[in-house]
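As a plain string of letters, each chain reads:
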Amino acid sequence: MTAPDIAAPAPEPRELFRAFLIVGLSGFGGVLPFARRMLVEQRRWLGEADFNETLALCQSLPGPNIINMSIVVGSRFAGARGALAALIGLIGAPVAIVIVLGALYGRFGAVGRLPGAILGLGAAAAGLVTATVVKMAAPLLAAKPIHAVPVMALAFAGVGLLRLPLPWILLALGPVSIAAAWRMHP
Amino acid sequence: MKPFTGALGTLFARFAVLSLLAFGGANAVVPEMHRQAVEVSHWMTDADFAALFAIAQAAPGPNFMIATLVGFKAAGLAGALVATAAMCAPSCLLTYWIIKVWDRHREAHWRVAIAAGLAPLTVGLVGATAYLLIRAADRDLRLAGVTAVAGGVAYFTRLNPLWCLAAAAGLGLAGAFA
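Rules and cut-offs
- Residues numbered from 1 in each chain as written.
- Chains lettered and ligands numbered in written order.
- Predicted model: local features only at pLDDT ≥ 70, side-chain atom pairs only at ≥ 80, totals over all residues.
- Helix = DSSP H or I, 4+ residues; strand = E, 2+ residues; numbered from the N terminus.
- Buried ≥ 20, exposed ≤ 12 C-beta atoms within 10 Å, placed from the backbone.
- pLDDT = per-residue confidence, 0-100.
- Contact = placed C-beta atoms within 7 Å.
- Core = buried A, V, L, I, M, F, W, Y, C linked by C-beta atoms within 7 Å.
- Expected span 1.5 Å × (residues − 1).
- Arc of directions from axis to C-beta.
- Nonpolar A, V, L, I, M, F, W, Y, C, P; charged D, E, K, R; others polar.

Asker: Tell me about the overall build of chain A, and name the residues and values.
Answerer: A tally of helices and strands in chain A yields seven helices and zero strands. Start at the N end of chain A and walk to the C end: the helices and strands fall as α-α-α-α-α-α-α. C-alpha extents for chain A along the principal axes are approximately 60 × 50 × 30 Å. For chain A, the residues scored as buried account for 46% of the 186 residues in total.

In structure tokens form, the structure reads like this:
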């Protein structure tokens, strides 16, 4: 694909669908790098700063970042139809694939050596998530905000160890943590 | 109301709530999904949950699809579609609505404070996800070793995570965890 020298014209819903379809299918264990390449480098629908700012917005809202990003990009260019086209493009094929995999697991998960393979997959997936947590925690700890460590520890203990319902934890810790951040960045 | 319809209604209601609580992405609500699917509703065992999470990770696409598989396990194809829709629709509608307000307040202080305040919460919640997955997956030292190696490779290298998953599945197929 040749990249134009200037920002591309606003895409139609159909183009949004196609572009996000490719992103959804190319990302294994994290779609974000592929989304950035498509949006910034290949299609030039967003500038670099635009992309970072949109990502920051998507990270402050609930829901998977990349799904929020499909909504933001789709709606900015082509309204509600654009948002829907980008969303369906992004998740349609992966959801179909994972349902097929889930059905195969239900049917053949106990056959032969497959249980061993699934045990291995589960152990590796746990390691991948652990690495993600460490990467996410590093910049927070480096910045030394007073509220970060107790909030992290309480969220972990409340949800992971005590198995309290998530809404309780968010209602208890969310306002405190946001207020602390508010005071830190006046 | 037929029991099946009841299960779909329950799935929709629970995942719609999770959708709006998923600050920092789907991995932040995995502990709550686990609590509801395994401990509250008994749709599956701890081991099933770990296996489904691994399958969702190994499949291409965004990482919310553990929800699709929990729905599938609870109520078949309809359950998968209902859980997927419920996991996406509320947060997408919120995003669609908020983007307009947000674009008008680019440098607002409250934006920075909300993002900075939610960040440590998200890390704690994803930490809980890691803990629950380790607890479910690492039944012996060999599997714990796989977790440690996969974590180390993911942390210290830029290797595509799929290689770790493929290698671990390959070891299992070869009978390493039998």
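On we go from here.
Asker: Could you give me a rundown of the confidence of the model for chain A, with the residues and numbers involved?
Answerer: Residues and elements named next belong to chain A. Of all residues in chain A, 91% attain a pLDDT of 70 or more, and the chain-wide mean is 87. The element-level mean pLDDT for chain A is lowest in helix 3 (residues 48–60), coming to 80, with helix 4 (residues 65–108) highest at 94. Here residues 1–6 is a poorly scored stretch, pLDDT under 50, and it has five contacts once near neighbours within four places are set aside; other chains count.

Asker: How would you summarise the nonpolar core if you had to cite specific residues and measurements?
Answerer: Counting residues in each nonpolar core, the largest one holds 124 residues, and the members touching the most others are Ile66(B) and Leu133(B). At 19 residues, the largest contribution of residues to this core is made by helix 4 of chain A.

Asker: With reference to specific residues and values, describe helix 6 (residues 141–156) of chain B.
Answerer: A rise of 1.5 Å per residue sets the reference length of helix 6 of chain B, with its 16 residues, at 22 Å; its end C-alpha atoms lie 22 Å apart and thus fit the reference within 8%. Residues of helix 6 of chain B that are buried include every one of Leu143(B), Val146(B), Thr147(B), Ala150(B), Gly151(B) and Ala154(B), and no others. Angularly, the buried residues of helix 6 of chain B cover 125° about the axis, an arc narrow enough to put them on a single face. Structural note: helix 6 of chain B exposes Leu141(B) and Phe156(B) on the side pointing more than 90 degrees away from its buried face. Where helix 6 of chain B is buried, its residues meet helix 5 (114–143) of chain A together with helix 5 (109–137) and helix 7 (161–173) of chain B.

Asker: Describe the interface of chain A and chain B, naming the residues involved and giving the relevant values.
Answerer: The interface is formed by 81 residues belonging to chain A together with 93 residues belonging to chain B. Taken together, the elements giving at least two residues each to the side of chain A that touches chain B come down to helix 1 (13–26), helix 3, helix 4, helix 5, helix 6 (148–161) and helix 7 (166–184) of chain A. The biggest single contributor to the side of chain A that touches chain B is helix 5 of chain A, with 23 residues. Of the residues contributing to the side of chain A that touches chain B, the split by class is 56 nonpolar, 22 polar and three charged.

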